[in-house]
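Descriptive structure summary
Now for the letters of each chain:
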Amino acid sequence: MVYFLEEPIQDGGHLEARLDIHEEPEGVRICVPLLPPGCSEKQSAEIQRGFLDEILDNHAGSDIVFWYYTPMALRFSAHREPDLCVYDCMDELSAFRGAPPELIDLERQLFDLADLVFTGGQSLYEAKRARHPSVHALPSSIDKAHFGQARKVGLPEPPDQQALPRPRIGFFGVVDERMDTGLVDRIAELRPDWQIVMLGPVVKIDPATLPRKANLHWLGSKSYGELPGYLAGWNAGFMPFALNEATRFISPTKTPEFLAAGVPVVSTAIRDVQKPYGTLGLVEIARTGEEFVQALERVMHRAPQEWRKAVDRHLADMSWDQSWAAMALLMRTRLLAGAPASLATTTPTTDRKGAAHV
């Protein structure tokens, strides 16, 4: 059984804490702690600790794996010792805006507790490999079939994009301090005849600070299932990441997703995009607004056939099944002969940012 423990939510409608659990069709149980209003951080941790104990006590005698995406979860789980502890380090969270002060100390503690450490990219691996004897680089993979739908002719156009003229340049993902909004504004200014489509929630920055132009369209959050329909209507994609501490070690999952969709893409000089995608000629790298405009012009006017062949060759060996197989092998090896059968057969229901094992 797989439980995913979400961040707690302050629930003004209830005076007592409760754990909302719903089961996905694949069998993953999503657990959302609902806390009464006015809970302190200490009270929140105590309540979550009680919820975790209840889950584990209901599975007494079973093999237990703790799979951490954030060291902050140690606040409520450090008192329990699992059979296997995995730290899936997807980002340098301490560099993000608003990171809790104790995050660095908690990560140090998690490195001491973890049996295995997975990193979401090569640069993050290089930053973490000296801190643990078993660190493994496993960059984000791709659901090729899902994003490949964008290559189909006649895919229905989303209503809020349908009326936009072409060419269209698109981005999808979280809009936060990792985005260079000044660069987005400059590109829109340089080419007012291009429609810039921005998909994703605005997090940790004031929406009022986002640039506003007639050709710049902030369409908000979209579901995973909707993304191929949007990408199918784009002439090119772009990844206008700021070059700062928060992006120093990122390995954007959207890079192979753009490519699987058949959408040519231009990115700022993010290290894990430059290598391998930039060096292989699969993604164009640019720095200024002027360079982005020039690069986008190139990718929109080149013949796509050879580029797509090169893309498909590179993506051929990438899949979440292969990523999970590599992880499961390392986990079984660590557990030796005592590895439970569930570890050998469980498959992820989504990418590594959407599944956890407890």
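What comes next concerns the included structure. Source: prediction; values computed, not measured. (Residues numbered from 1 in each chain as written. Predicted model: local features only at pLDDT ≥ 70, side-chain atom pairs only at ≥ 80, totals over all residues. Heavy atoms only, no water.)

**Examining helix 1 (residues 41-57)**
Spanning 17 residues, helix 1 covers 24 Å between terminal C-alpha atoms, matching the ideal 24 Å at 1.5 Å per step. Those residues of helix 1 that fall on the buried side of the exposure criterion are Ser44, Ala45, Gln48, Phe51, Leu52, Asp53, Ile55 and Leu56. The secondary structure elements touched by the buried residues of helix 1 are strand 1 (2-5), strand 3 (18-23), strand 4 (28-35), strand 5 (65-68) and helix 2 (74-77). (Helix = DSSP H or I, 4+ residues; strand = E, 2+ residues; numbered from the N terminus. Expected span 1.5 Å × (residues − 1). Buried < 20%, exposed > 50% of the residue type's maximum accessible area, 1.4 Å probe, protein only. Contact = heavy atoms within 4.5 Å.)

**Here's the deal with the pairing of strand 10 (residues 195-199)**
Along any regular strand, the residues point their side chains to alternate faces of the sheet. The element strand 10 is extensively covered by neighbouring structure, given that 5 of its 5 residues are classed as buried. Residues Gln195, Val197 and Leu199 point to one face of strand 10 and Ile196 and Met198 to the other, with burial holding for every one of them. In the sheet, strand 9 (residues 168-172) pairs with strand 10 via 5 bridges, with the strands oriented parallel. When the bridges of strand 10 are listed, Arg168 appears paired with Gln195. As a crossover connection, the stretch from strand 9 through helix 7 (residues 181-190) into strand 10 is right-handed. Sheet analysis places strand 10 next to strand 11 (residues 216-220), joined by 4 bridges and oriented parallel. The residue bridging Val197 from the neighbouring strand is His217, located in strand 11. (Pairing = 2+ DSSP bridges. Right-handed = clockwise from strand over helix to strand, strands pointing away.)

**Considering helix 7**
Within the span of helix 7, buried status applies to Leu183, Val184, Ile187 and Ala188. Viewed end-on, helix 7 has its buried residues packed into an arc of 135°, placing them on one side of the element. Its side-chain oxygen placed 3.3 Å from the backbone nitrogen of Gly182, Asp180 serves as the N-cap of helix 7. (Arc of directions from axis to C-beta. Polar contact = N/O pair within 3.5 Å; in protein donor to acceptor, adjacent residues only side chain to side chain.)

**Overview of the side chain of Lys128**
Residue placement: Lys128 occurs in helix 4 (residues 122-128). When neighbours within four sequence positions are excluded, Lys128 is seen to be in contact with Cys89, Glu92, Glu107, Phe111, Thr119 and Val135.

**Some points on the environment of Ala45**
Relative to the helices and strands, Ala45 resides in helix 1. Its relative accessible area of 10% is what places Ala45 among the buried residues. Residues Ala45 and Asp91, spaced 46 residues apart in sequence, show a C-alpha to C-alpha distance of 23 Å. When sequence neighbours within four positions are dropped, the list of residues in contact with Ala45 reads Arg75 and Phe76.

**As for the packing of helix 7 against helix 11 (residues 289-301)**
Relative to each other, helix 7 and helix 11 sit at 60°, their axes nearing to 9 Å. By the criterion of interaxial angle, the relationship of helix 7 to helix 11 is oblique. Remark: the crossing between helix 7 and helix 11 carries right-handed chirality. Residues Leu183, Arg186, Ile187 and Leu190 of helix 7 form the contact with helix 11, whose participating residues are Gly289, Glu290, Phe292 and Val293. (Axes fitted to C-alpha atoms, helices over the stretch in contact; angles between N-to-C directions. Parallel < 35°, antiparallel > 145°, perpendicular 65-115°, else oblique. Left-handed = near helix turned anticlockwise from the far one by under 90°.)

**Some points on the sheet that holds strand 8 (residues 135-137)**
Spatial strand order, 5-6-7-8: 4 strands in an open sheet with parallel pairing. Each edge of the open sheet carries a strand with a single partner, namely strand 5 and strand 8. Geometrically, the sheet is characterised by an average inter-axis angle of 20° between neighbouring strands, direction not taken into account. By the bridge criterion, 4 bridges tie strand 6 (residues 84-89) to strand 7 (residues 116-119) in an arrangement that is parallel. Counterpart to Asp88 in the pairing with strand 7 is Phe118.

**Looking at the sheet that holds strand 11**
Read from one edge of the open sheet, 6 strands run 11-10-9-12-13-14, paired in parallel fashion. The two strands at the open ends of the sheet, each matched to only one other strand, are strand 11 and strand 14 (284-285). Across the sheet, helix 11 lies against strand 9, strand 12 (236-239), strand 13 (265-267) and strand 14, angled at about 150° from strand 12, the strand it touches most.

**Some details on the state of the cysteines**
This structure, assessed with the given rule, holds 0 disulfides. Summary of cysteine pairing: Cys39 is not part of a disulfide, and the nearest cysteine sulfur, belonging to Cys31, is at 18 Å. Free of any disulfide, Cys85 has its nearest cysteine sulfur in Cys89, 13 Å distant. (Disulfide = S-S within 2.5 Å.)

**As for the pairing of strand 7**
Here strand 7 shows a buried face lined by Leu116 and Phe118 and a second buried face lined by Val117 and Thr119. As a crossover connection, the stretch from strand 6 through helix 3 (residues 103-113) into strand 7 is right-handed. In this sheet, strand 8 lies alongside strand 7 in parallel orientation, the contact comprising 3 bridges. Counterpart to Phe118 in the pairing with strand 8 is His136. The β-α-β motif built from strand 7, the intervening helix 4 and the parallel element strand 8 has right-handed crossover chirality.

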